[in-house]
Amino acid sequence: MLELRGTRVAYRGVEVVHGVDLGIAPGEVVGMVGPNGAGKSSVLRAICGLLRPSAGEVLFEGRALNGMAPERIARLGLALVPEGRQVFRTLTVAENLRLGAWDAERGEAAIEPVLERFPILRERAGEHADRLSGGEQQQLAIARALLSRPRLLILDEPSLGLAPKTIDTIYELLAELREEGTTMLLVEQNAVRTIDFCDRCLVLGSGRVRAEGKREELRGDNDVVRAYLGGAVERQTSDGGMGR
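Right, let's walk through the structure included here. (Residues numbered from 1 in each chain as written. Predicted model: local features only at pLDDT ≥ 70, side-chain atom pairs only at ≥ 80, totals over all residues. Heavy atoms only, no water.)

1. What about the pattern of salt bridges?
Where charged atoms of side chains with opposite charge meet at close range, the side chains can pair. In total, this model carries 13 salt bridges according to the counting rule given. A salt bridge links E57 to R5, with the nearest nitrogen and oxygen atoms 3.2 Å apart. Placement of E57 in strand β4 (residues 55–60) and of R5 in strand β1 (residues 2–11) is noted, with a sequence separation of 52 residues between them. E57 gets classed as partly exposed once you look at its relative accessible area, which sits at 34%. In this structure, E28 engages R200 in a salt bridge whose closest nitrogen and oxygen atoms are separated by 2.6 Å. (Salt bridge = Lys/Arg side-chain N within 4 Å of Asp/Glu carboxyl O. Helix = DSSP H or I, 4+ residues; strand = E, 2+ residues; numbered from the N terminus. Buried < 20%, exposed > 50% of the residue type's maximum accessible area, 1.4 Å probe, protein only.)

This is how it looks when you write it as structure tokens:
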């Protein structure tokens, strides 16, 4: 479904992503983890058209996305839940959702099933988004993305700044989507949770893929993972795991 071939990204002439290769099959949940500054968000921006790759290819269902405008990419079936939620804080919850249901043919009819999945948003539909907690804003951001009925859902740091119990709630929602067959690319600094949740993960460091594998492989004795994740995987394994 999604393929990156030698993708490079530069800011003002300085390359920050150095030839990343990535493939995601339909129905697969793939994670991308690594320390702050590893290049994770830059890769996402290149996929979504917010940055133009300086080299390499980004393909979605065989179609080249290089140079395509973000709104055109969104209409092809990619939806991004951005880092920091990025909800429209001065609009109500309902107005934020209407913006997600931009297809006039679906309109309000598309919103009702989403409200069934996110009951807190129904309760607070008339309130401005800046009155929501961080976890509620994250639910709103995910709901807004789902209203476009994406074939690929991309999430950038969905647990950032949230309390542990709230993170559990968000991952329960993501688990429901996974069981329904939603294809996802999940980018997180929370390496332990991401590796445990996803079918497989890439470990980025300094703009390069340093390791790749299924959760069982990345939990094992891997020098690269230890170097770039600070031993988190080993500590999590010794604690008995977090479970899917």
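Picking up after the structure, the text goes on.
2. A few points about the packing of aromatic side chains
According to the stated counting rule, one finds one aromatic pair in the structure shown. On the basis of an interplanar angle of 85° and a centroid distance of 5.3 Å, the ring pair of Y171 and F197 is categorised as edge-to-face. In this pair, Y171 is assigned in helix α7 (residues 164–179) and F197 in helix α8 (residues 191–197), connecting sequence segments 26 residues apart. In terms of burial, Y171 and F197 fall into one category: buried. The ring of F197 carries R178 above its face, with NZ or CZ at 4.3 Å from the centroid. Of note, R193 hangs over the ring of Y171, and the distance from its end group to the ring centre comes to 4.7 Å. (Phe/Tyr/Trp six-rings, centres within 6.5 Å; stacked < 30°, edge-to-face > 60°. Lys NZ or Arg CZ within 6 Å of the ring centre and 35° of its normal.)

3. A short note on α7
Quick reminder: α-helices carry 3.6 residues per turn. Residues three or four places apart thus point the same way. With 16 residues, α7 should cover 22 Å at 1.5 Å per step; its first-to-last C-alpha distance of 22 Å lies within 8% of that length. I167, I170, Y171, L173, L174, A175, L177 and R178 are the residues of α7 that are buried. Of the residues flanking the end of α7, it is G181, one or two places downstream, whose phi is positive at about 90°. (Expected span 1.5 Å × (residues − 1).)

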